[in-house]
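A structural walkthrough
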Amino acid sequence: MSEFDIWVYRPSAGYQEGVDIVGYKVEATDGSIGRVSKHSEEVGSSHIVVDTGVWIFGKHVLLPAGTIKQIDTAEETVHVDRTKDQIKDAPDFDEIKHAGEPSYLEQFGRYYGQPHT
């Protein structure tokens, strides 16, 4: 069993269940990437969806909860442990596929380092 689950918020991240982080700015290790457009607290598949806006032409990217280093509620900012290029190169997030395919999150787990089980 892995000691780190990419689909779970890190205890040190400061995530508080029930706190709405939609609209928070998202900062990669090397700069801003957009804003949280959706977040999930679903057990075993917690994640955020980031609207990158004009940065990468309106792409939405999914980031597993385990990529979040810190949530700053005072500054309304989410800090993640990936670079802008790593996020830009991630698989595209497709809301329709996400809703209809149970195995959809597996591609993100593989990309970010751990398959979704």
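Cut-offs and rules
Residues numbered from 1 in each chain as written. Predicted model: local features only at pLDDT ≥ 70, side-chain atom pairs only at ≥ 80, totals over all residues. Heavy atoms only, no water. Helix = DSSP H or I, 4+ residues; strand = E, 2+ residues; numbered from the N terminus. Rg over C-alpha atoms; globule rule 2.2 N^0.38 Å. Buried < 20%, exposed > 50% of the residue type's maximum accessible area, 1.4 Å probe, protein only. Contact = heavy atoms within 4.5 Å. Areas by Shrake-Rupley, 256 points an atom, 1.4 Å probe, with all protein chains shown as cover. Core = buried A, V, L, I, M, F, W, Y, C linked by side-chain atoms within 4.5 Å. Salt bridge = Lys/Arg side-chain N within 4 Å of Asp/Glu carboxyl O. Pairing = 2+ DSSP bridges. Axes fitted to C-alpha atoms, helices over the stretch in contact; angles between N-to-C directions. pLDDT = per-residue confidence, 0-100. Polar contact = N/O pair within 3.5 Å; in protein donor to acceptor, adjacent residues only side chain to side chain.

1. As for the overall build of the chain
Secondary structure assignment for the chain yields three helices and six strands. Ordered by position in the sequence, the α and β elements of the chain form the string β-β-β-β-β-β-α-α-α. Against the compact-globule benchmark of 13 Å for 117 residues, the chain has a radius of gyration of 13 Å, which places it among compact chains. Expressed as lengths along the three principal axes of its C-alpha atoms, the size of the chain is roughly 35 × 30 × 25 Å. Counting all 117 residues of the chain, 41% fall into the buried class. Put simply, 52% of the contacts in the chain that link residues at least 6 apart link residues at least 24 apart. For the chain, the accessible surface area stands at approximately 6500 Å², while carbon and sulfur atoms represent 49% of it.

2. Section: the nonpolar core
Ranked by internal contacts, the top residues of the largest apolar core, which has 29 residues, are Ile 21, Ile 48 and Val 78. Discounting chain neighbours no more than four positions away, the residues touching Ile 48 are Tyr 9, Ile 21, Val 36, Lys 38, His 39, Val 61, Leu 62, Leu 63, Ile 68 and Val 78.

3. Considerations on the pattern of salt bridges
Evaluated as defined, the whole model comprises six salt bridges. In this structure, Glu 106 and Arg 110 form a salt bridge, with 3.9 Å as the shortest nitrogen-oxygen distance. With Glu 106 and Arg 110 both in helix H3 (residues 106–112), this residue pair falls four residues apart, about one helical turn. Of the residues examined, Arg 110 reaches a relative accessible area of 53% and is grouped as exposed.

4. Re the sheet that holds strand S4 (residues 60–64)
Sheet architecture is open: six strands sit in the order S4-S3-S2-S1-S6-S5, paired in mixed fashion. Edge positions in the sheet fall to S4 and strand S5 (68–72), since each of these pairs with one other strand and no more. Each neighbouring strand pair of the sheet contributes to a mean axis angle of 35°, computed without reference to strand direction. Of the pairings in the sheet, the one linking strand S2 (residues 31–40) to strand S3 (residues 47–51) comprises five bridges and is antiparallel in character. Directly across from Val 36, in S3, lies its bridge partner Val 50.

5. Details of unusual backbone geometry
Positioned with a positive phi, Glu 76 is a non-glycine residue whose angle comes to about 50°. Relative to the helices and strands, Glu 76 resides in the loop between S5 and strand S6 (77–80). The class of Glu 76 is partly exposed, set by a relative accessible area of 43%.

6. Things to note about the confidence of the model for the chain
The predicted coordinates ought not to be read in detail in places where the model reports low pLDDT. Chain-level pLDDT for the chain is 87 on average; 91% of the residues reach the 70-or-more range. Averaged over each element, pLDDT in the chain is lowest for helix H2 (residues 95–100) (78) and highest for S6 (98).

7. Topic: the environment of His 39
Mapped onto the elements of the fold, His 39 is located in strand S2. You can call His 39 buried: its relative accessible area is 19%. The contacts of His 39, once residues within four sequence positions are left out, are Tyr 9, Tyr 15, Val 19, Asp 20, Ile 21, Val 22, His 47 and Ile 48. Looking at His 39, its side chain comes within polar contact range of the side chain of Tyr 15, at 3.4 Å.

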